[in-house]
Structure formats: C-alpha cells, structure tokens
Amino acid sequence: MLGWFKKKLKIGKKEEPVAEESSKEEQAPIAVEKIIEKAVEKLPGAKPAEVQETPAQKAASILHEDVGVLFNRLKERLSKTRSSFVSRVDELFLGKKIIDPELLDDLEEILITADLGVGTTQELMDSAREKLKRNELGDPLALKKVLKEKIAGFIHSSDAPAELVMPKEGPFVIMVVGVNGVGKTTTIGKMAHKFVKSGQSVLLVAGDTFRAAAVEQLQIWGKRIGVDVISQQSGADPSAVVFDALEHARKKKTDVVIVDTAGRLHTKVNLMEELKKIKRVMEKKLAGAPHEVMLVIDATTGQNGISQARLFGEAVDVTGLTLTKLDGTAKGGIVVNICREFNIPIRFIGIGEQMNDLRDFDADEFVEALFAENDS
Ligand SMILES: Nc1nc2c(ncn2[C@@H]2O[C@H](COP(=O)(O)OP(=O)(O)OP(=O)(O)O)[C@@H](O)[C@H]2O)c(=O)[nH]1
Ligand SMILES: [Mg+2]
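The model shown is predicted, which means the values in this text are computed figures rather than measured ones.

Next up on the list: the sheet that holds strand 7 (residues 346–350). With mixed pairing, the 8 strands of this open sheet are ordered in space as 3-2-4-1-5-6-7-8. Since the sheet does not close on itself, it has two edges, and those belong to strand 3 (228–230) and strand 8 (358–360), each with one partner. Adjacent strand axes in the sheet meet at a mean angle of 25°, parallel and antiparallel pairs treated alike. Where strand 7 meets strand 8, 3 bridges bridge the pair, whose relative direction is antiparallel. By the bridge assignment for strand 8, Phe 348 is matched with Asp 360. Its contacts with the sheet put helix 12 (residues 304–316) on strand 1 (172–177), strand 5 (292–298) and strand 6 (320–324), and the angle it makes with strand 5 is roughly 160°.

Every one of the 20 residues lining ligand 1 counts as a neighbour, but Gly 183, Thr 185, Thr 186, Gly 263 and Gly 350 are closest to it. With 3 residues, helix 8 (residues 184–197) is the largest single contributor of residues to the shell around ligand 1. For the shell around ligand 1, the class distribution of residues is 3 nonpolar, 11 polar and 6 charged.

Here Ile 151 shows up in helix 7 (residues 140–156). Distance from Ile 151 to Thr 120, taken between C-alpha atoms, is 9.0 Å for residues 31 residues apart in sequence. Not counting residues up to four positions away in its chain, the partners in contact with Ile 151 are Val 336 and Val 367.

Further remarks concern unusual backbone geometry. Here the bond from Ala 289 into Pro 290 is cis, since omega is -10°, no more than 30 degrees from zero. One can find Pro 290 in the loop between helix 11 (269–285) and strand 5. Phi angles above zero are rare outside glycine, and Asp 115 is one such case at about 65°. With respect to the helices, strands and loops of the structure, Asp 115 is situated in the loop between helix 5 (101–113) and helix 6 (118–133). Taking the number of C-beta atoms within 10 Å as the measure of exposure, Asp 115 has 27 and is therefore buried.

A few words now on the pairing of strand 5. With 7 of 7 residues buried, strand 5 lies mostly within the body of the structure. The two faces of strand 5 match: Glu 292, Met 294, Val 296 and Asp 298 on one face and Val 293, Leu 295 and Ile 297 on the other face are all buried. As judged from the 4 bridges shared by strand 1 and strand 5, these two strands associate in the parallel manner. The residue of strand 5 that forms the bridge with Ile 174 is Glu 292. On the question of chirality, the crossover connecting strand 5 to the parallel strand 6 by way of helix 12 is right-handed.

With their axes 9 Å apart at the nearest point, helix 5 and helix 6 run at an angle of 155° to one another. Comparing their axes, helix 6 and helix 5 come out roughly antiparallel. Helix-helix and strand crossings are classified by hand; for helix 5 and helix 6 the assignment is right-handed. Residues Leu 104, Glu 108, Leu 111 and Ile 112 of helix 5 form the contact with helix 6, whose participating residues are Val 118, Thr 121, Leu 124, Met 125, Ala 128 and Arg 129.

Conventions and cut-offs
Residues numbered from 1 in each chain as written. Chains lettered and ligands numbered in written order. Predicted model: local features only at pLDDT ≥ 70, side-chain atom pairs only at ≥ 80, totals over all residues. Pairing = 2+ DSSP bridges. Helix = DSSP H or I, 4+ residues; strand = E, 2+ residues; numbered from the N terminus. Axes fitted to C-alpha atoms, helices over the stretch in contact; angles between N-to-C directions. Contact = placed C-beta atoms within 7 Å. Near = placed C-beta within 6 Å. Nonpolar A, V, L, I, M, F, W, Y, C, P; charged D, E, K, R; others polar. Buried ≥ 20, exposed ≤ 12 C-beta atoms within 10 Å, placed from the backbone. Right-handed = clockwise from strand over helix to strand, strands pointing away. Parallel < 35°, antiparallel > 145°, perpendicular 65-115°, else oblique. Left-handed = near helix turned anticlockwise from the far one by under 90°.

Following this line, the structure appears as structure tokens:
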C-alpha cells in the first residue's frame, strides 16, 4: 500500500525524569523558586515558562505544525477556484435573508462557470430546489451547507480505493499517460521524489521518445532526485525502451518503475494504438504490469478533461488520476465533476511546479480547503 506516504510518527512513551535523591535543605530553595516562577507567569504580559519537550513531543509538534502548514498551502493554492466559486457564492448570499428564484438562478451560473459541469450543476440545483419546496432551507446559509455536503458527497462517490496497491513481488510499474503538456513528466518527477522519500528505489523510463527534450527533462528530474533514468535516442520505439527498463528493474530489484509517455491527443486513434502497444509489451514482460495506468489531467482545461478521461480510459484502462495545475486555475470544480462522472480515484493533485507540490488527494481536506474562509 502507498500508506508509507502517510507514515505515522510513532510517539514513544514519555519518560519520567528519574528523581534524584536530595535532602530537604536542597529541596526548599527549589520550591520557593517554583512559587516565584508561577507568580511571574501570572503577571500580565509575562511569557509562558519554556516547556521542556521530549524529542518525541518535539517531533509530534513539528508534524502537527506541518499538517497545518500543508493545509494552508493547499488552501492558498486553491484560492483562484475558491474566489471564482465559494467567495462568489458568499457574495451572492451576503445580506440576503431568503432564497428566491433569482438567487437560485445566480447560483446556478456560478456553479457552471466554476466548471462543475452541467450535469453536476443540475443535480445540485435540483436537490436545492427540492429542499426549498419541502421548506428545508431556511436561509442562504443553510443552502451553502447543503451545497458543501452535496459536493463532498460527489467527491466521495467513487468507491475505488485511493491508495495504490503494491504487488507482493517484483517492481510496481506505473505508466503515465495524457494529452500534451498536462504535466506528466513533472508529475513523474514529483511522484518519484515521494517514493524516494519513503525509502523506495525508483527507476524512471523515458518512454517519450518523440521529443529529444523530453528525455533530457526526465534526466534532469532523475539527477535532482538521485534516481536512474532508462532512455534511448529520440525516435526509438517506446515499447523497446520499456522492455529494456523492465529487464533492468528486475535485475536490480527496483521497487518502483515509472514510465513517461509522449503526450497525445485522446482523439488520435493511431497514437492511442501506440499506447495500447506499450501497455501490451509491459504485460508480456512482467505479469500484472502496469499495476497503475495514471492519467494526468490539466485542471485548467476544464470540461475537456472529462472526454480525456473517457477516451484514455477506453484505450488503456486508466486506474488512477492526477489533476495538475490546480494552483493556476479557477476551474478546480473539475475535480467534483470527474469524481461524479468516473469511478476512477484521484491519487494526487498538482498544486505548483516544485518537487513538493504534489499532494495525496484527500476528499475531505480538499472540500475543507475549497470552502475555507479566506482569512483563517
Ligand atoms: N503551476 C503548475 N504548473 C505545473 C504543474 N504541473 C506541471 N506544471 C507545468 O506544466 C508544464 C508542462 O509540464 P510537463 O511535465 O512538461 O508536461 P507533459 O505532460 O510531460 O508535456 P509533454 O511531454 O509535452 O506532453 C511545465 O511548465 C510544468 O512546470 C502544477 O501542478 N502546477
Ligand atoms: Mg513530458
């Protein structure tokens, strides 16, 4: 399981300090000092006394802080979507006491422009109108709550497990596919970094032999992270590169093999056939491979992502998704729509160009970050 990404910190038992034997005379001044310290602490404006933390407590507080920092970063990176969606909903509701048909029409428009998709918007609006008819919505705030719950429900609707499952033996092979420029190679670099951090050996495979620069780009990532990259000259048959790489991984007992592929339009039949061939070669060379066919979708492309998921899914049985560039778009609503339309889990979201800008997708955290107050 990819649970190693979320390795829990083991907090050791707090060790009780061993009391030193001391005489009553030695203890007396210490007790007085303590009383004075306590009194000083209570003075207005006094700094709290320094707390001596054990290493485990220190680590735990760092971890706790990290979680907060990470959440804030996610929140900040989703700010474009939040301001085009949740903040507009807030503005719409501001000062309104009742829900009238005009307010519902305006809400509908906001949902469509935030790229939640026509079907999702319709379902949300139907449910809101239904609740209104049954007098279950007292005021706009209640409507916002329903909206949040419904959206969380859509994101949770996929029952496919979000964590990757490792094979018992042999390398775990991930084949990364997608349209040109969506962020495949960058996501591969970030993913490899995550695996390396969790102690796995990683091999990158330059299956994009279409552009010379593509091999170089992957090699730069390989160097940055300190992992090997298997490549051939540009123009080589990508299936041959993959074949060699799997042989190499088997010999070296590599834990994780990540295969880059050339970007291709999901509507180009011959290019999709080439992808099927690469996959077949993997299957032949290593039973069970590829264990993950990851489709990378650029969130800024909005609803086109839906047809990409459909056509790549039909061609190569996509098993997981990564949505990139959520930091640069107001169209983050695509996440909701993808979850509602497909039973394919979103594994990761890309929220920037740096190595650490790939996050495990957590539905609850995503909804919270999307609906978070701007200043909290
Ligand atoms: N802001 C932002 N930029 C990203 C993210 N992921 C990738 N990018 C940028 O998107 C651009 C394209 O990324 P690549 O990784 O080269 O995309 P690709 O899918 O491999 O492209 P092709 O191989 O040409 O099909 C680069 O400038 C990346 O830095 C992300 O999550 N956020
Ligand atoms: Mg690439």
